[in-house]
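Examining the three-dimensional arrangement
The chain contents come next:
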Amino acid sequence: MAAKSIFEADGKAILNYHLTRAPVIKPTPLPPSATHNPPARLAALSFPEHADVAGILDQAEAAYPFLLAKDARFVAKPDQLIKRRGKSGLLALNKTWPEARDWIAARAGKTQQVEHVQGVLRQFLVEPFVPHPEGTEYYICINSGRDVSSPPSLPQSYPPSPTKFAVSSAKRLFDECS
């Protein structure tokens with residue numbers, strides 16, 4: 001099964017939208033949500049070629065008023081499917097908006113080399129900084145597939161034993177997401 005990467009901003013928007021709208025999979029002691037999630041506090045910034053970087057950052061302040069909140073701290077990072085952004089110096093952590101803005105302005109539209117790949121940074125993400133202990137950050141991999149009730153041709157051993165199927169499915173999912 002092929003895997004398709006998406007921008008972090010798109011993934012967070014999808015999760016934020018569907019978390020309170022999805023059907024409950026198993027019983028929960030929590031009361032059902034009476035409202036849906038508000039829009040995520042997430043600023044997705046795009047810098048097309050030959051764009052006025054300062055102008056786009058000014059527009060961001062108008063479009064995302066949470067950026068101007070007093071004493072707010074932010075994370076700024078490129079959102080271009082780059083692995084190991086932290087090791088490449090592409091994370092601005094615990095910054096005020098003026099600091100994050102300057103950090104983005106210094107990198108937007110500029111060529112950056114990450115390991116052996118070189119490219120221009122055009123997509124950035126700014127979100128609130130949430131302090132957390134090291135080792136408590138998780139990544140999400142969502143896999144979708146077709147549900148085929150009567151496949152045209154199956155091997156003689158179909159269906160596989162439940163244990164064998166679960167182990168091979170989990171391994172396949174892990175391999176696809178790593």
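Data block above holds the structure.
Calculation criteria
Residues numbered from 1 in each chain as written. Predicted model: local features only at pLDDT ≥ 70, side-chain atom pairs only at ≥ 80, totals over all residues. Heavy atoms only, no water. Helix = DSSP H or I, 4+ residues; strand = E, 2+ residues; numbered from the N terminus. Polar contact = N/O pair within 3.5 Å; in protein donor to acceptor, adjacent residues only side chain to side chain. Contact = heavy atoms within 4.5 Å. Phe/Tyr/Trp six-rings, centres within 6.5 Å; stacked < 30°, edge-to-face > 60°. Pairing = 2+ DSSP bridges. Axes fitted to C-alpha atoms, helices over the stretch in contact; angles between N-to-C directions. Left-handed = near helix turned anticlockwise from the far one by under 90°. Nonpolar A, V, L, I, M, F, W, Y, C, P; charged D, E, K, R; others polar.

Our next topic: the side chain of R85. Relative to the assigned elements, R85 resides in the loop between β2 (74–78) and β3 (92–95). Polar contacts involving the side chain of R85 include one to the side chain of E8, which spans 2.7 Å. A distance of 2.8 Å separates a polar side-chain atom of R85 from the backbone oxygen of P78. Those residues in contact with R85 that sit more than four places away from it in its chain are E8, K77, P78, D79, L90 and L91.

This brings us to the side chain of E127. Within the fold, E127 resides in strand β6 (residues 123–128). At 3.0 Å, the side chain of E127 forms a polar contact with the side chain of K77. Excluding anything up to four places from it in sequence, E127 contacts E8, K12, R41, L42, R73, F74, V75 and K77.

The next thing to look at is the packing of aromatic side chains. Applying the stated criterion across every chain, the model contains four aromatic pairs. For the ring pair F47 and F124, a centre distance of 5.8 Å and an interplane angle of 85° mean the geometry is edge-to-face. You can see F47 sitting in the loop between β1 (43–46) and α2 (53–63) and its partner F124 sitting in strand β6, a full 77 residues away along the chain. Taking 6.2 Å as the distance between ring centres and 70° as the angle between the ring planes, the aromatic pair formed by Y64 and F66 counts as edge-to-face. Taken together, the aromatic side chains of F47, W103 and F124 make up a single cluster linked through ring pairs.

Turning our attention to the pairing of strand β4 (residues 111–114). Across a regular strand the side chains alternate sides, sitting on one face of the sheet and then on the other. Summarising the sheet, β4 and strand β5 (residues 117–120) pair through four bridges and their orientation is antiparallel. Looking at β5, one finds that V114 is bridged to V117. The hairpin turn running from β4 into β5, its antiparallel successor, is two residues long, and E115 in that turn takes a positive phi close to 55°.

We now examine the environment of K87. Residue position: K87 is located in the loop between β2 and β3. As a C-alpha pair, K87 and E115 span 28 residues in sequence and 9.9 Å in three-dimensional space.

A word on the sheet that holds β6. In spatial order, the strands read β1-β6-β2-β3; together these four strands make up an open sheet with antiparallel pairing. The open sheet terminates on both sides in strands that have one partner only, identified here as β1 and β3. Averaged over all adjacent pairs, the angle separating strand axes in this sheet is 20°, with direction ignored. Bridge count between β1 and β6: four bridges; the pairing is antiparallel. Counted as the bridge partner of A43 is V126 from β6. Packed onto the sheet, helix α3 (residues 97–107) meets β1, β2, β3 and β6 and runs at close to 10° relative to β2.

With that out of the way, let us pick up the packing of α2 against α3. Two elements in contact, α2 and α3, have axes whose closest approach is 10 Å; the angle formed by their N-to-C orientations is 145°. Between α2 and α3 lies a crossing of right-handed hand. For the pair α2 and α3, contact is made by V53, A54, L57, D58 and E61 and by W97, R101, I104 and A105, respectively. Classifying every residue of the contact of α2 with α3 gives six nonpolar, no polar and three charged.

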